[in-house]
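In case you want the letters, here they are:
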Amino acid sequence: MRRVAKISAACIATAALALTATACGGTSSDNKSSGSSDSGKKGGVKIGLAFDVGGRGDHSFNDSAARGADKAKKEFGGDLKELTAKTSDTEADREQRLSDLADAGYNPIIGVGYAYATSMTKVSAKYPKTTFGIVDSVVNAKNTDSIVFTEEQGSYLAGVAAALKTKKDHVGFIGGVDVPLIKKFEAGYVQGVKATNPKIKVDVQYLSHGSDTSGFASPDKGKEAAQGMLDKGADVVYSAAGSSGNGAIEAVSGTKGAWAIGVDSDQYNIPGLAKYKSSILTSVVKNVDIGVYDLIQSVKDGSPKTGTNTYALKDGGVSLATSGGYIDDIKAKLDAAKQEIASGKVKVKTTP
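Note that the coordinates shown come from a computational prediction; the quantities given were computed from them, not determined experimentally.

**Observations concerning the overall build of the chain**
Moving on, step 1. Helices and strands together make up the secondary structure of the chain, namely 10 helices and 13 strands.
Moving on, step 2. Relative to its full complement of 352 residues, the chain shows a buried share of 59%.
Moving on, step 3. In the structure as shown, the chain presents an accessible area of about 13900 Å², 50% of it carried by carbon and sulfur atoms.

Structure below.
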C-alpha cells in the first residue's frame, strides 16, 4: 500500500515553531529513557526511537526526529524510549535494538535513518502487531511507515541561494557518507547552482564511504573539509553531514565574507550553534519531526500509517529557512525557483 502524505498548514506552522527548540541503537549502556509524569493519561503512547549515529543533540537530523516525538509525548502522554546507534554498529546490533524495543511493548518504533532498513525488514515481520516507521528509506512491510523526503528539491533551492550569494563564483558541498541518500542532496545543490550560474565552481567532498557512518558524527572532519574548501577559494559551503556539519559551520564562521548552509534543522535557531549564527546563510529544513509526529498520532488514533509517505517541497515537507534575514534580498528568485519545481517545470535530479 502506497500513500502520499498530505501536510496541513497547521502542522507546518507547528513544526516551524518547534524549530526554535534544540533538535543518523547501541548497547544497553547507551539507552536513554524519558519517563512522563502524565504517563497515565488516557490514550498515552509508548514511543520507541532508534536514533542514527549522533543521536539526540546532533543539532540536525536526529534532533528533528526528536522534536516530533517530544511533541507527540507532550500532547498524548505516555513514554519515550531512546536508543542511539554507534559508528561500529553491525546489522545484528541494529536488529537487536529494534527487537528490544518491540519486546518492551513500544509502539510505534521508529528507526531514524536509512541504516535501519535491513534490520527493520526482518524485525517488523517478527512483530506484525507493532507499527514501525523508518526515516529516509523504504521498507516494504504491511506494518511499516516509510517516511521519505524530496531532499534534492530543498537542496536545489540551497544551490540557487549559494549561486546568488557567492562573490567568488566558487562554492562547496560536504556529504557525511557517500551513499544514495546524500547523493540526492549533492545532486539538487549542484543543479541549483549551475541552473543559476553555470560558470560557478562546485567542490564536492565526502567524509566517509559505504558502511562507515563516522562521516555523520565527526565535527572535526567536517571542519577540516570546510577549511580546505575555504582555503581553495570557496565562500559558500553546504553540508549534509549530521553533526559533522557543525564543524563545517564553525570553520566557515572564521572566514570573513563566507557563508554556511545548514541542513535538516533550522540551524540558525539551534542554541548550540548560536555563536556561529551570523555565518549561517540558510538551512535546508527537512521536517522529519512532522513525519514522526504524523506516525505517532496515527497509532494513537488507532489507524496506523503504512506504506510510503513522501514529504515534498510543494507540501512543506522540505523548505529553505529564512531565519536571520540573509536571503530576504533574493526571495523573489527563490520563490520563482520553488514554483518551477512545484509545477513540474524543473525536474530536480536525485543523482549527480
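**Focus on the pairing of strand 7 (residues 170-178)**
Moving on, step 1. The buried fraction of strand 7 is high, at eight of nine residues.
Moving on, step 2. Of the pairings in the sheet, the one linking strand 7 to strand 8 (residues 201-209) comprises eight bridges and is parallel in character. Paired with F173 across the bridge in strand 8 is V204.
Moving on, step 3. Each parallel crossover has a hand, and for strand 7 linked through helix 6 (residues 180-196) to strand 8 it is right-handed.
Moving on, step 4. Looking at chain direction, strand 7 and strand 9 (residues 236-240) are connected through five bridges and run parallel. Note on strand 9: the bridge partner recorded for I174 is S239.

**Observations concerning the packing of helix 5 (residues 151-165) against helix 10 (residues 331-343)**
Moving on, step 1. With their axes 10 Å apart at the nearest point, helix 5 and helix 10 run at an angle of 150 degrees to one another. Classified by the angle their axes make, helix 5 and helix 10 are roughly antiparallel. Classified by chirality, the crossing of helix 10 by helix 5 is right-handed. For the pair formed by helix 5 and helix 10, the contact residues are Q153, Y156, L157, V160, A161 and L164 on the first element and K333, L334, A337, K338 and I341 on the second.
Moving on, step 2. Among the residues making up the contact of helix 5 with helix 10, the classes are represented as eight nonpolar, one polar and two charged.

**With respect to the confidence of the model for the chain**
Moving on, step 1. Scored by pLDDT, the chain comes out at a mean of 89, with 88% of its residues at no less than 70.
Moving on, step 2. Here residues 1-41 is modelled with pLDDT under 50, and outside its nearest four sequence neighbours on either side it reaches 103 contacts, counting other chains as well.

**Here's the deal with the packing of aromatic side chains**
Here a ring pair, both rings aromatic, is described through the centre-centre distance and the interplanar angle of the planes.
Moving on, step 1. According to the stated counting rule, one finds nine aromatic pairs in the structure shown.
Moving on, step 2. Here the aromatic rings of F173 and Y238 are separated by 5.6 Å at their centres, their planes lie at 65 degrees, and the arrangement is edge-to-face. You can see F173 sitting in strand 7 and its partner Y238 sitting in strand 9, a full 65 residues away along the chain. The pair formed by F173 and Y238 is uniform in burial state, with each residue classed as buried.
Moving on, step 3. Taking 6.1 Å as the distance between ring centres and 75 degrees as the angle between the ring planes, the aromatic pair formed by Y268 and Y326 counts as edge-to-face. Taken as a pair, Y268 in the loop between strand 10 (259-264) and strand 11 (280-286) and Y326 in the loop between strand 13 (318-320) and helix 10 lie far apart in primary sequence, 58 residues in all.
Moving on, step 4. The structure contains a cluster of three or more aromatic residues connected by ring pairs, namely F173, Y189, Y206 and Y238.
Moving on, step 5. Directly above the aromatic system of Y106 lies the positively charged group of K46, at a separation of 4.5 Å from the ring centroid.

Definitions and cut-offs
- Residues numbered from 1 in each chain as written.
- Predicted model: local features only at pLDDT ≥ 70, side-chain atom pairs only at ≥ 80, totals over all residues.
- Heavy atoms only, no water.
- Helix = DSSP H or I, 4+ residues; strand = E, 2+ residues; numbered from the N terminus.
- Buried < 20%, exposed > 50% of the residue type's maximum accessible area, 1.4 Å probe, protein only.
- Areas by Shrake-Rupley, 256 points an atom, 1.4 Å probe, with all protein chains shown as cover.
- Pairing = 2+ DSSP bridges.
- Right-handed = clockwise from strand over helix to strand, strands pointing away.
- Axes fitted to C-alpha atoms, helices over the stretch in contact; angles between N-to-C directions.
- Parallel < 35°, antiparallel > 145°, perpendicular 65-115°, else oblique.
- Left-handed = near helix turned anticlockwise from the far one by under 90°.
- Contact = heavy atoms within 4.5 Å.
- Nonpolar A, V, L, I, M, F, W, Y, C, P; charged D, E, K, R; others polar.
- pLDDT = per-residue confidence, 0-100.
- Phe/Tyr/Trp six-rings, centres within 6.5 Å; stacked < 30°, edge-to-face > 60°.
- Lys NZ or Arg CZ within 6 Å of the ring centre and 35° of its normal.

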